[in-house]
Amino acid sequence: MQDCRGQASAGHRRCGSRAGPQGPDERVQYRKGGDAGQKVVVVLDQMEQLLRCTEANIEEVVELLFPEPSPCSEIRVLVTLRADFLDPVLKHPRLGRMMRSGNMVPLAPMSRDQLRKVIAGAGGHVSELVYESGLVDRILDDAAEAPGALPLVSLLLRELWWRRNDGQVAHATYESVGRVSGVVAHYAELVWQQSIDAQDQNEALSLLIGLVTLQPGGAVPLRRRLTRGEAGETRWRMVNELARRRLLVLNRGSEEEVAELAHDILITAWPRFRELVEVTGEFLRERGELDFYRSRWKAANRNPILLPDPLCLASIEYGLRGREHDLTEEEKEFLALGRRRRNARGKFRAVWNSTATVLGRWTWAHIIFVSLIMALLITGWAGMRALLESSQSRGRLAP
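Residues numbered from 1 in each chain as written. Predicted model: local features only at pLDDT ≥ 70, side-chain atom pairs only at ≥ 80, totals over all residues. Heavy atoms only, no water.

> How should the nonpolar core be read in this particular structure?
Within soluble globular proteins, side chains that are nonpolar tend to cluster in buried spots. Judged by nonpolar contacts, the single largest core of 66 residues is most densely connected at Ile119 and Val180. Discounting chain neighbours no more than four positions away, the residues touching Val180 are Ile139, Asp142, Ala143, Ala146, Leu152, Val153, Leu156 and Tyr174. (Core = buried A, V, L, I, M, F, W, Y, C linked by side-chain atoms within 4.5 Å. Buried < 20%, exposed > 50% of the residue type's maximum accessible area, 1.4 Å probe, protein only. Contact = heavy atoms within 4.5 Å.)

> Any chance you could explain the side chain of Ser206 here in plain terms?
For Ser206, the location among the structural elements is in helix α11 (residues 201-209). Contacts of Ser206, omitting those with residues within four sequence positions, involve Arg235 and Asp326. (Helix = DSSP H or I, 4+ residues; strand = E, 2+ residues; numbered from the N terminus.)

> Teacher, can you tell me more about the sheet that holds strand β9 (residues 257-261) here?
Strand pairing in a sheet takes place through backbone hydrogen bonds and is either antiparallel or parallel in direction. Pairing is antiparallel in the open sheet, where three strands are placed in the order β7-β9-β8. At either margin of the open sheet sits one strand with a lone partner, and together these are β7 (226-227) and β8 (248-252). Of the strand pairs in this sheet, β8 and β9 are connected by five bridges, and their pairing is antiparallel. Across the sheet, residue Asn251 finds its bridge partner in β9, namely Val258. (Pairing = 2+ DSSP bridges.)

> I tried to follow the packing of helix α3 (residues 55-65) against helix α5 (residues 93-100) on my own but got confused; where do I start?
A pair of packed helices is characterised by two quantities: the angle between their axes and the separation of those axes. Put simply, α3 and α5 touch, their axes get as near as 10 Å, and they point 20 degrees apart. In terms of their interaxial angle, α3 and α5 are classed as roughly parallel. Both α3 and α5 take part in a crossing whose hand is left-handed. Taking contact as the criterion, the partners of Ile58, Glu59 and Val62 in α3 are, on α5, Arg94, Leu95 and Met98. Here the contact of α3 with α5 is composed, by residue class, of four nonpolar, no polar and two charged. (Axes fitted to C-alpha atoms, helices over the stretch in contact; angles between N-to-C directions. Parallel < 35°, antiparallel > 145°, perpendicular 65-115°, else oblique. Left-handed = near helix turned anticlockwise from the far one by under 90°. Nonpolar A, V, L, I, M, F, W, Y, C, P; charged D, E, K, R; others polar.)

In structure tokens form, the structure reads like this:
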């Protein structure tokens, strides 16, 4: 799946440009070269990846694909979403409303007969490829026990194809690639050992950390896009090698090259990666929190009011402890801005407290002083008034 800007751009190309026709029907006509009578189907695959995007990007995609007040009758949008992301998507204020406005169709896992057609079809479409007797049933048995088996079977069939011997795929070949449950781990580890030198292991592990994220409050890890600038040239050389071996895919973003994992299954099916995510889970969650604040801050033209408050910043710092070197330069800069703002607020608070203490002391002294002055004035005024009245009385009595 492309990045959010890429999704929006692709949507513009499919449904028309905002610089061109504006209405839904006009966009269809624009897309179909003047023939507005045909239906247009827009497929939004892996919708869960939108959760990685900024609110502005999400709003742009939703507005483009689901224009209000009423969608175009000529446009149909087909969305695919992993079941384990249904809850966070439905809870999202914009995506949830979009999902509830359409028809949701739960898709059950492929049946054994359906999967048999897929596996046998890989050989049936290529006349020189033949499975050894009993191998298809063995693959089906293993796939039934493996969660999320479809991407595993997909990679398995590719690996078996490359290892065929005179058009034959044998049981021994199936064993050599790790069977259904271990094919991803077998392939990924083989690529890792062949591509990463011993002295570069730590750098490579930091690269993997940069390619995965945990959303705030989320438990399911997601692929994360990594730009060339974020990775640095040393890690980018590793990116190119891993992309050449198809563990990663490279895309051109709006400004520079970006890399991401070829499939989410790598995060859970590759033990090296799975264990790394388990160990760094707290770091990944707090980095996701940091990225959330950073994207919101950037969307608001870097308004300092949207920097993390001291309490959130303290929580993020605790989760990042000992691993801040795994942050990108942009993330480090944003964290430093938050700290500078917290320190400035701390100094202001200290000055204010000191001033308030001094003012508090002077206030009580001032109250006592004013009270004494007022008492003296009142007493003096009363005495002068009594003296004046006495003088007037004597004047009236004088002969």
